[in-house]
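# Structure at a glance
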Amino acid sequence: MALQSHMVPLETPAPDFTLPSLDGKQRSLSDFTSPVLLVAFVCNHCPYVKHIESEFARFAERQSDLDIVAICSNDAENYPDDAPAGLKEQVDRTGWTFPYLIDESQEVARTYNAACTPDFFLYDSERKLAYRGAFDGSTPGNDVPVTGEYLAAAVEHVRKGEAVPEPHHSSIGCGIKWRE
């Protein structure tokens, strides 16, 4: 069932985290030092993520002063495609070059108030929330092209030190697969 993202209040500070990445390194919020930070809650099995993942890779390639970190918080026991081996397959398939972190405890997703995959949180140089929501208006089956326009426009505003104009568009995707 598709869910919409929570519209976390703008200017909310980025919650700290330390999580393992697919390459075995521990990554923390403080490791990301570019003026703009994108935290993307994604996974391997969700059709909404698969719908945008190739364009998301191209979007990431075009960003020079933007740190991107992907986090998978899904219950990998009940959704084995979202276990590290499946996430590695996704990286190989998409060519993603940004760190992909594993939130096994699901605490990071809870502190960010992430609801679905994909769910995007864009932070300014002070690590205050500047945009939360959708990549663009496309979803599987709605025939809207996948462009990343909402997120790209938000990044440009944040780069210029400007507020991202409202309204922000909620992400729509598969609900995070919470453990019981």
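Relevant structure appears above.
In this text the structure is predicted, and so the values were computed from the model without any measurement. (Residues numbered from 1 in each chain as written. Predicted model: local features only at pLDDT ≥ 70, side-chain atom pairs only at ≥ 80, totals over all residues. Heavy atoms only, no water.)

## Brief notes about helix α2 (residues 84-94)
Side chains of residues three or four places apart in an α-helix project in the same direction, reflecting 3.6 residues per turn. Within α2, the full set of buried residues consists of Gly86, Leu87, Gln90, Val91 and Thr94. An end-on view of α2 places all buried positions within 145 degrees of arc, on one side of the element. Every exposed residue of α2 that faces more than 90 degrees away from the buried side is listed here: Ala85 and Asp92. As for α2, its buried residues are in contact with α1 (47-61), β5 (66-72) and β6 (100-102). (Buried < 20%, exposed > 50% of the residue type's maximum accessible area, 1.4 Å probe, protein only. Helix = DSSP H or I, 4+ residues; strand = E, 2+ residues; numbered from the N terminus. Arc of directions from axis to C-beta. Contact = heavy atoms within 4.5 Å.)

## Observations concerning the sheet that holds strand β4 (residues 36-41)
Strand order in the open sheet formed by 5 strands is β6-β5-β4-β8-β9, with mixed pairing between adjacent strands. Of all the strands in the sheet, just β6 and β9 (129-133) have a single pairing partner and so form its edges. This sheet shows a mean twist of 20 degrees between the axes of neighbouring strands, independent of strand direction. The sheet contact formed by strand β8 (residues 119-123) and β9 spans 4 bridges and is antiparallel. Looking across to β9, one finds that Phe121 is bridged to Arg132. Here α2 sits on the sheet in contact with β5 and β6, set at roughly 170 degrees to β6. (Pairing = 2+ DSSP bridges. Axes fitted to C-alpha atoms, helices over the stretch in contact; angles between N-to-C directions.)

## Thoughts on the pairing of β4
With 6 of 6 residues buried, β4 is to be regarded as a mostly interior element. Because side chains alternate across β4, one face comprises the buried residues Val36, Leu38 and Ala40, and the other comprises Leu37, Val39 and Phe41, equally buried. Bridge count for β4 against β5 is 6 bridges, and the pairing is parallel. Its bridge partner lying in β5, Leu38 is registered against Ile68. Handedness of the crossover joining β4 and β5 through α1: right-handed. Pairing of β4 with β8 involves 5 bridges; the strand directions are antiparallel. Within the sheet, the bridge partner assigned to Leu38 lies in β8 and is Leu122. (Right-handed = clockwise from strand over helix to strand, strands pointing away.)

## Thoughts on the pattern of salt bridges
The full count for this structure, using the stated rule, is 9 salt bridges. Of the charged contacts, one joins Asp23 and Arg27 as a salt bridge, the two residues approaching to 3.2 Å between their closest N and O atoms. Given the relative accessible area of 16%, Arg27 is considered buried. (Salt bridge = Lys/Arg side-chain N within 4 Å of Asp/Glu carboxyl O.)

## Topic: the packing of aromatic side chains
Applying the stated criterion across every chain yields a total of 15 aromatic pairs. When the centroid spacing of 5.3 Å and the interplanar angle of 55 degrees are considered together, the rings of Phe56 and Phe98 count as tilted. Placement of Phe56 in helix α1 and of Phe98 in the loop between α2 and β6 is noted, with a sequence separation of 42 residues between them. Phe98 gets classed as buried once you look at its relative accessible area, which sits at 9%. Note on Phe56 and Phe135: the rings are 5.8 Å apart at their centroids and 85 degrees apart in plane angle, and the pair reads as edge-to-face. (Phe/Tyr/Trp six-rings, centres within 6.5 Å; stacked < 30°, edge-to-face > 60°.)

That's the geometry; what it means functionally is another story.
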